[in-house]
Amino acid sequence: MSTLTKPNHIGRKISRIRELRDMKQEALAQALGTNQQAISALENSETIDDEKLGQIAKALGVSVEALKNFSDEAAINYFNNFYDNSAKGQILNNSCSHLTFNPLEKLVESYEENKKLYERLVQAEKDKVEFLEKLLKEK
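A quick note: this is a predicted structure, and the numbers were derived from the prediction, not measured.

Q: Even after reading the chapter, I still don't get the overall build of the chain, so can you show me in this structure?
A: A count of helices and strands for the chain gives 7 helices and 0 strands. Put simply, the chain has 139 residues, and 27% of those count as buried. For the chain, long-range pairs separated by at least 24 residues make up 61% of all intrachain contacts whose partners lie at least 6 apart in sequence. By element, 53% of the accessible surface of the chain is carried by carbon and sulfur atoms, the whole surface being about 10,200 Å².

Q: Explain the confidence of the model for the chain here, please?
A: A low pLDDT means the predicted coordinates there should not be read in detail. Looking at the chain as a whole, the pLDDT averages 78, with 69% of positions reaching at least 70. For residues 86-98, every residue scores under 50 in pLDDT, and the model assigns this stretch 13 contacts once sequence neighbours within four places are set aside.

Q: Honestly, the packing of helix 1 (residues 10-20) against helix 4 (residues 50-60) in this entry has me stumped. Any pointers?
A: Between two packed helices, the angle of one axis relative to the other and the distance separating the axes together describe the packing. With their axes 11 Å apart at the nearest point, helix 1 and helix 4 run at an angle of 15° to one another. When the interaxial angle is binned, helix 1 and helix 4 end up roughly parallel. In this structure, helix 1 crosses over helix 4, and the sense of that crossing is left-handed. Only Leu53, Ile56 and Leu60 of helix 4 make contact with helix 1, whose side of the interface consists of Ile10, Ile14, Ile17 and Arg18.

Q: Looking at this structure, how should I read a nonpolar patch on the surface?
A: Taken together, the side chains of Phe131, Leu132 and Leu135 make up a nonpolar region of the molecular surface, amounting to roughly 290 Å² of accessible area. Locating Phe131 in the fold gives a position in helix 7 (residues 103-138).

Conventions and cut-offs
Residues numbered from 1 in each chain as written. Predicted model: local features only at pLDDT ≥ 70, side-chain atom pairs only at ≥ 80, totals over all residues. Heavy atoms only, no water. Helix = DSSP H or I, 4+ residues; strand = E, 2+ residues; numbered from the N terminus. Buried < 20%, exposed > 50% of the residue type's maximum accessible area, 1.4 Å probe, protein only. Contact = heavy atoms within 4.5 Å. Areas by Shrake-Rupley, 256 points an atom, 1.4 Å probe, with all protein chains shown as cover. pLDDT = per-residue confidence, 0-100. Axes fitted to C-alpha atoms, helices over the stretch in contact; angles between N-to-C directions. Parallel < 35°, antiparallel > 145°, perpendicular 65-115°, else oblique. Left-handed = near helix turned anticlockwise from the far one by under 90°. Patch = residues over 30% accessible without salt bridge, like charges linked within 9 Å, V, L, I, M, F, W, Y side chains within 5 Å. Salt bridge = Lys/Arg side-chain N within 4 Å of Asp/Glu carboxyl O.

What follows is the structure, given as structure tokens:
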């Protein structure tokens, strides 16, 4: 039995991108309209159907292709090259041309999506408080 991990384990890729985006399972669950346990099960799945993968990619702010093709090595190389080239005042070299998304664009999109998610979470908390206050008044 091999101790190597399978390179195409989509659940691990989802988990890693979620972690790199500093997103908790609960936040992803909220964005997908499910619970943390379902996200945990997804992240342990080797395969996920394309429709669900599309929803997950949207919630994470990346393309489906970026999800499918993600690797830690490519991400590390990308940021190393970005840092090296920006320090020299140069444009990114072709070693990163296989990436399917612009991180700066995704950062802006992510901010907007996180802002919406935060607003939904705040509204949910306000609704809970209102409901509890109503219950207290009825007693």
